[in-house]
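Descriptive analysis of the structure
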Amino acid sequence: MTAPARTQEGSSRMPIWKAVLLTLPVVPFASSHLMDELTSGEAQLITIIPTLLVWILLTVFFFLMLVTGKTYRYRSALFILVAFALPVYLIPQFFEAFGTNMLTEEMTLSARAKFCPLTMPTVLLPAILKRVVVFPGFVVEGALWFFLWLGASLAVGRGWCSWGCFYGGGDEFFSRLRKKPVIKHVDRKWRFLPFAILLAIVLLSAVTFHPIYCEWLCPFKVVSEFEAPTILRTQVSLGIFVSLFIGLVITLPLLTKKRIQCALFCPFGAMQSFFNKINIFEVRIDPAKCTQCKRCIRECPTFSLDEGSLESGKALMSCTKCGQCVDACPQGAISYHIKGTPIGISPNVARVLFLYPAYILLSVLGGHIVAYGLWRVLKLITTGSMI
Amino acid sequence: MAKLKSVLGYSVAVLSIPIMIAAVLIWTVLPQVGIQFVSATGLKHSANWSGGEVVRTINHGTYETRVHRMVFDALIGERSEGFVQVAWSPLDALPARIDEEIDADGDGQADFRVEVDTANKASMLTPYTPWVLGLEGTYRLEVVVLEGTTYRLDDTLAVRVRLKNPSR
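Residues numbered from 1 in each chain as written. Chains lettered and ligands numbered in written order. Predicted model: local features only at pLDDT ≥ 70, side-chain atom pairs only at ≥ 80, totals over all residues. Heavy atoms only, no water.

Before going further, it helps to examine the sheet that holds strand β8 (residues 122–127) of chain B. Residues and elements named next belong to chain B. Taken in spatial order, the three strands make up an open sheet running β6-β7-β8, and their pairing is antiparallel. Only two strands of the sheet have a single partner each, and these edge strands are β6 (97–102) and β8. Neighbour to neighbour, the strand axes of the sheet diverge by 15 degrees on average, direction disregarded. Relative to strand β7 (residues 112–117), β6 runs antiparallel, the two sharing six bridges. (Pairing = 2+ DSSP bridges. Helix = DSSP H or I, 4+ residues; strand = E, 2+ residues; numbered from the N terminus. Axes fitted to C-alpha atoms, helices over the stretch in contact; angles between N-to-C directions.)

Further remarks concern the domain arrangement of chain B. Where interface size is given, it is often the accessible area lost as the parts come together that is meant. Residue and element names in this part refer to chain B. Its domain assignment divides chain B into domain 1 (2–40) and domain 2 (45–164). Opposite the five residues of domain 1 that make contact, domain 2 presents four residues. With both chains or domains summed, domain 1 and domain 2 bury close to 310 Å², and 65% of this area falls on carbon and sulfur atoms. When the area that domain 1 buries against domain 2 is broken down by residue, the three leading residues are Ile 35, Val 38 and Ser 39, summing to 81%. Taken together, the connections running from domain 1 to domain 2 amount to zero salt bridges. Between domain 1 and domain 2 we count zero residue pairs in polar contact (both at pLDDT 80 or more) in total. For the side of domain 1 that touches domain 2, the per-class residue count stands at two nonpolar, three polar and no charged. (Domains from an automatic or database assignment. Contact = heavy atoms within 4.5 Å. Buried area = accessible area lost by both parts, 1.4 Å probe. Salt bridge = Lys/Arg side-chain N within 4 Å of Asp/Glu carboxyl O. Polar contact = N/O pair within 3.5 Å; in protein donor to acceptor, adjacent residues only side chain to side chain. Nonpolar A, V, L, I, M, F, W, Y, C, P; charged D, E, K, R; others polar.)

We now examine the side chain of Ser 16 of chain B. Tracing the chain through its elements places Ser 16 of chain B in helix α1 (residues 2–29). Owing to a relative accessible area of 2%, Ser 16 of chain B belongs among the buried residues under this scheme. A polar side-chain atom of Ser 16 of chain B sits 2.5 Å from the main-chain carbonyl oxygen of Ala 13 of chain B. For Ser 16 of chain B, the residues in contact, after removing those within four places along its chain, are Ala 155, Phe 281 and Pro 357 of chain A. (Buried < 20%, exposed > 50% of the residue type's maximum accessible area, 1.4 Å probe, protein only.)

Another point: the interface of chain A and chain B. Contacts between chain A and chain B engage 57 residues on the former and 49 residues on the latter. The junction of chain A with chain B conceals about 4500 Å² of combined surface from both sides, 73% of it contributed by carbon and sulfur atoms. Ranking the residues of chain A by area buried against chain B places Glu 106, Leu 109 and Leu 144 of chain A at the top, with a combined share of 15%. In this structure, Lys 121 of chain B and Glu 106 of chain A form a salt bridge, with 2.7 Å as the shortest nitrogen-oxygen distance. Applying the counting rule to chain A against chain B returns 17 residue pairs in polar contact (both at pLDDT 80 or more). Secondary structure elements with two or more residues in the side of chain A that touches chain B: α6 (105–109), α7 (120–130), β2 (132–133), α8 (139–156), α11 (193–208) and α19 (347–383) of chain A. The biggest single contributor to the side of chain A that touches chain B is α8 of chain A, with 13 residues. Its residues assigned to classes, the side of chain A that touches chain B comprises 40 nonpolar, 10 polar and seven charged. As paired elements, β2 of chain A and strand β1 (residues 44–45) of chain B share two bridges and run parallel to each other. Looking at the pairing, Val 133 of chain A lines up with His 45 of chain B of β1 of chain B.

Take a look at the structure:
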C-alpha cells in the first residue's frame, strides 16, 4: 500500500488563478526597493537591474510557493541567497565609510558599529532598567531594529529565524550540501545550550554594560565587521569568531545536516523561542494521519521535533516554521496551524495567513540585502571596484 | 467556546499582517518613529561609549574643554574602577599643544594635568591624586549626536583617564 501523496487529501496546491490573486498583496513589498530606487531621483541602470531582478524573484517565488504547495525549497533558496549576499552588501559599506571593516577603538567610541537583531538579548535589560544602550551603534538605528524585531516576533514568533535572519542561510546552505549526514546522532540535551548562553549573555551584558555576545561569541562577525585585532583581547575574540564560524556554520552543519548554529548555539534564536509561545502560528501534526514514520524528526533542521512531538501533535518551542517537515511528510499530516482553530481544517488558510507576514519580512529585509549585494557585484564587474 | 476560540485565532492571525507591515514601514521609511522613541524614552549610549554626560565646559576662545562626569556605572551600585573623559572641541581650531589641569570630581582642586599633542594624538598625564590611575588612551572622535529630533556631528579630541572610585 502506498502512502497518499501530499497533493491529494489536504492538498496545499492551489489553482493558478487563485495563486496569482493571492500573490498580488506581496508585490508592493517585493518591489519596495525598486520603488525606492525609481523615486530616489538618482536611478541608474546599474541599480535598477538588481532591484528589478529581486522584485521578479521574490514575486515568482511566492507565486510558486502557493501554486506548488511547497514552502521549504523556495524559502530556503531565498534564505541562502540573502546570507551569501550579506557580506557583499555589508562589508563594502564599511570600506566606503571607514576604509576598513575592522573597527578601531575610536570608531567604537564614536558609536560607528552596525546594529543587528542579534544584539537584542544583550541590550534589552540595561535599556529597560537603566535606559542605556550597551552597544556602540547609533541609538536611533537600534530603535528602528527594535521595532522591526518586535513586530516580526509578534507576527511570526521564531519564524524570524527562518524568514528574517540574514545570517541563518549560511548554516542552512552547508546543512543541505550532503545527501546523508556523517554524524547521525546529536544528543538532544544540546538543545538547552542556546538557552544557557542566552541567560549568560543577558546577565553578563547587564553587569558589564558591554555587548558580550557581540564582543566574544558572534560567529557572523567574520562576514560583517569586527574589532581590529590590535590588542590581545580583540585577537582572542577574532580567533573565537573564526573558530565558531568554521565549526558551527560550516563544518557541523555539513556533517549533521542540521542548522547547528541556529539550533544549538544562537541565543537570539533561544529568545525567539519564547515568542513562539505567544505567537498565533504553529506547526501541528495530525495524529489521525501520522504513521509515526519519523521522517519529520530526521528532516527537521533545528531539532524541533521529537517522539514527544508525534504524541502531542506539537512542534517544540524552538520551531522556526521553516516548512521542511510540512513539505517532507508523506502523509500530509503536518501543517501550519492557527492556535485555537481545529486541527486539519483549512490548513491552506493557516499556511497562507502565515506566509504573508513571513514573506513580507523576508522580502523587505532579505530583498534589500540581495538587491544591494547584486548592485555591488554589478559595480565590481562594470567599474572594477565594489566601492 | 470552540467557535469563539477559532474566531479569535483567525482574527489574531489576520492582525499579524498589519503588525508586520507596520514594523517594516517603521524600519524602512519612518525613521522619525525611531527618533521620537529615543527622545521620548531618554535612551542613550552607555557611558562606556559616550564618556558620560558633560559636567563642565571651559571656553578657551578658539576651542573648548569638556569634562565628562566620572564613570563608575554598574547595573547595581558603582564599580571600584572607572574613567573620566576629557574632550577638546574646536570652536575655530585646536592648538598644536594643549596643557590643562583638570578637576575631575568638581571639588575645585585639580586632580590631574594632561598635555596633548593634538596633531599626533599623543598625551601625557600627571596625576595629582592617588585615585588617578593612568591614561587609558587618546582618541579622535566623530560622534553623531541626537539633540531633540535633530542630528549634529561632534568632532573632538578626547582622552580617557583611568580612575579608582574615590568614594569606595
